[in-house]
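So you can see what is in the structure, the chains are spelled out below.
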Amino acid sequence: MRYVLVADDDLLWRMLGPTPLGGERPVYVVPRPALAARISRGGGVAVAGDPSAERVYRRAFVSGQEAAVVAVPRARRGRVLAALRRAAPGAPVVVVADEDDPTPGDVTLLSPAALAELVVEPVLARALTRARVERVRAHFERAERVLIMIQDDPDPDAIASALALKIVLGRTRGGATIGTFGTVGRPENRAMTRILDIDVERLTVSAVREYDRVAMVDAQPAFFEEPLGEIDLVIDHHPTEAPVRARLRDVRPSYGATSTILTEYLRAVDVKVSPRLATALLYGIKADTLALERGATRADMDAFAFLHGLANHGALRRIERPELPPAVLDLLAEAITRRRLVDGVMFTHVGPMPYRELAAQFADLLLQVEGAEWTVVSGEIEGELHISVRNSGHERAAGDVVRQAFADLGRAGGHRAMAKAVIQQRDWPAGDVAATVSARFLRALRGGRGRAGA
Ligand SMILES: [Mn+2]
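Read on for an overview of the structure. Every value quoted in this text rests on a predicted model; they were computed, and no experiment measured them.

Bringing the overall build of the chain into the picture now. A tally of helices and strands in the chain yields 16 helices and 18 strands. Relative to a compact globule of 454 residues, whose C-alpha radius of gyration would be 22 Å, the chain shows 30 Å and is clearly more extended. Surface summary for the chain: the accessible area is close to 22400 Å², and the carbon and sulfur share equals 52%. For the chain, the distance from the average site of its 60 positive side-chain charges to the average site of its 58 negative ones is 5 Å.

Structural data, given as structure tokens:
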């Protein structure tokens with residue numbers, strides 16, 4: 001597609017130059033021969049002539065189907081458009097004009113305000129982010145030991161954000177520690193750290209004091225029970241419940257993921273984003289926004305599109321579908337044999353489990369069974385009973401049902417589609433575990449369904 005750009009002055013030429021538009025160099029239509037000569041010297045194509053006369057357009061349009069952009073003052077616009085239309089009646093025409101300017105119905109309006117939004121705003125936003133990143137870098141520059149803290153059961157968004165911050169700070173391997181007071185639990189998250197080779201170290205509270213500079217990503221100091229002393233930097237997207245105490249902070253509750261904020265940092269300072277980093281950040285955004293379906297904003301989508309082109313999708317697939325260790329297959333076989341399906345709820349009790357996330361893994365897996373709208377998988381480990389719940393529908397939030405069923409015995413809660421309860425086995429009522437789990441769960445589920453009668 002060839003473009004014809006019509007202007008009284010050199011504004012369009014200065015903005016667009018000889019850069020091809022739609023695959024071809026645009027043709028400038030300008031009134032003054034001197035300007036046309038200047039455009040030619042600059043590598044552009046120009047036709048000089050009176051923009052209110054048909055003749056100049058006969059030379060500028062070859063097929064009559066070229067798209068035209070018209071940027072002339074309002075007083076002359078009518079005559080210019082009429083002349084252009086006589087030469088190229090079928091050409092799509094964009095007019096640069098204010099939104100309340102009168103324009104014919106067959107042209108598309110582009111207001112200077114919209115131009116500013118398209119061109120100027122992203123540049124300003126980038127400049128602001130750039131300044132922010134430079135402040136962060138300066139603050140961490142001379143530190144010998146840097147700690148990047150993430151939440152207790154770090155999720156993909158936290159892990160990816162920590163890795164990205166490490167790279168923004170120019171501290172590759174060894175230059176900064178990614179640390180948590182907990183451990184990376186879920187199999188997908190463990191697969192992420194293994195496949196993308198990301199070290200997450202377990203920290204003690206006293207160890208935090210050994211670092212010169214401490215950053216926190218995807219969390220805020222108030223989320224921790226431990227006294228942490230002064231934090232240097234907080235980057236997060238959770239709503240603030242208490243004032244964020246940190247020397248530097250960037251908290252954006254409207255964002256779907258902290259990974260999006262870090263992607264903006266990387267782009268603002270032109271850091272080369274490796275496939276490994278892109279994969280981590282893309283997975284971080286996917287996990288926190290349920291693949292852009294929950295709480296994702298324009299910023300998340302922009303970051304997602306940018307990272308999608310750079311990520312290693314094979315690695316991402318291996319992370320998202322974690323493998324079952326062969327030793328666990330027999331347990332799965334037994335759990336499948338013992339399953340019970342009651343009113344769309346699939347129950348199974350695994351018994352002793354080799355690792356704590358196994359119940360969640362089986363609950364995910366069994367949700368694929370036809371007729372299972374809910375899965376409830378229980379198992380025992382280190383003196384605790386773990387109950388993992390998943391649902392596929394949207395009838396009731398899994399977290400509510402689990403809380404109602406088990407909160408009197410231990411920790412219980414979760415989100416819409418996934419929830420869990422963890423109960424000390426000594427607090428669990430005597431009798432058959434599987435029977436008690438299903439009786440309590442069904443009572444809570446039905447109680448919620450028919451609340452008026454209950
Ligand atoms: Mn997050």
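Two measures describe an aromatic ring pair: the distance that separates the ring centres and the angle between the ring planes. Overall, the coordinates contain 6 aromatic pairs when judged by the stated rule. Summarising the aromatic geometry, the rings of Tyr57 and Phe61 are spaced 6.4 Å apart at their centres and angled 50° between planes, so their arrangement reads as tilted. For the pair Trp374 and Phe441, a centre-to-centre distance of 5.6 Å together with 70° between the ring planes defines the contact as edge-to-face. Taken together, the residues span a long stretch of sequence, with Trp374 in strand β15 (residues 374–381) and Phe441 in helix α16 (residues 433–449) at a distance of 67 residues. Owing to a relative accessible area of 2%, Trp374 belongs among the buried residues under this scheme. A relative accessible area of 0% places Phe441 in the buried class. Through pairs of rings, three or more aromatic residues link up here, namely Phe347, Trp374 and Phe441. The lysine or arginine in question, Arg190, covers the ring of Tyr355, its NZ or CZ lying 5.4 Å from the ring centre. In this structure, Arg267 packs its charged tip against the face of Phe306, placed 4.0 Å from the ring centre.

Every protein donor of the manganese ion is accounted for by Asp157 (OD), Asp218 (OD), His237 (NE2) and Asp288 (OD), and the metal-donor separations fall at 2.1 to 2.3 Å. All donors of the manganese ion belong to a single chain; written as a sequence motif, their spacing is D-x60-D-x18-H-x50-D. Taken together, the residues Asp157 in helix α6 (residues 156–168) and Asp218 in the loop between β10 (213–217) and β11 (233–236) connect sequence positions 61 residues apart. Residue class for Asp157 comes out buried when judged on its relative accessible area of 0%.

With that settled, the discussion passes to the pairing of β11. Neither face of β11 is left uncovered, since the one carrying Leu233 and Ile235 and the one carrying Val234 and Asp236 both have all their residues buried. Looking at chain direction, β10 and β11 are connected through 3 bridges and run parallel. Note that in β11 the partner of Val217 across the bridge is Ile235.

One finds Leu165, Met192, Leu233, Ile235, Leu262, Leu266 and Leu281 to be the most contacted residues of the largest nonpolar core, which totals 50 residues. For this core, the element with the highest residue contribution is α6, accounting for 8 residues. Setting aside anything within four residues of it in sequence, one finds Met192 in contact with Pro156, Ile159, Ala160, Asp197, Ile198, Ala280, Tyr283 and Ile319. Listed in part, the 24 residues of the second largest apolar core include Trp374, Val376, Val433 and Ala444.

Spatially, β3-β2-β1-β4-β5-β6 is the arrangement adopted by the 6 strands of the open sheet, whose pairing is parallel. Two strands bound the open sheet, and with one partner strand each, they are β3 (45–48) and β6 (107–110). Strand-to-strand twist of the sheet, defined as the mean angle between neighbouring strand axes without regard to direction, takes the value 20°. Bridge count between strand β4 (residues 67–71) and strand β5 (residues 93–96): 3 bridges; the pairing is parallel. Bridging across to β5, Ala68 finds its partner in Val93. Lying over the sheet, helix α2 (residues 33–41) contacts β2 (27–30) and β3, oriented at roughly 170° with respect to β3.

What counts and what doesn't
- Residues numbered from 1 in each chain as written.
- Predicted model: local features only at pLDDT ≥ 70, side-chain atom pairs only at ≥ 80, totals over all residues.
- Heavy atoms only, no water.
- Helix = DSSP H or I, 4+ residues; strand = E, 2+ residues; numbered from the N terminus.
- Rg over C-alpha atoms; globule rule 2.2 N^0.38 Å.
- Areas by Shrake-Rupley, 256 points an atom, 1.4 Å probe, with all protein chains shown as cover.
- Lys, Arg positive; Asp, Glu negative; His and termini not counted.
- Charge placed at Lys NZ, Arg CZ, Asp CG, Glu CD.
- Phe/Tyr/Trp six-rings, centres within 6.5 Å; stacked < 30°, edge-to-face > 60°.
- Buried < 20%, exposed > 50% of the residue type's maximum accessible area, 1.4 Å probe, protein only.
- Lys NZ or Arg CZ within 6 Å of the ring centre and 35° of its normal.
- Donors = N, O, S within 2.8 Å, 3.2 Å for Na, K, Ca; no water.
- Pairing = 2+ DSSP bridges.
- Core = buried A, V, L, I, M, F, W, Y, C linked by side-chain atoms within 4.5 Å.
- Contact = heavy atoms within 4.5 Å.
- Axes fitted to C-alpha atoms, helices over the stretch in contact; angles between N-to-C directions.

Interpretation note: all reported values are geometric properties and have no functional meaning in isolation.
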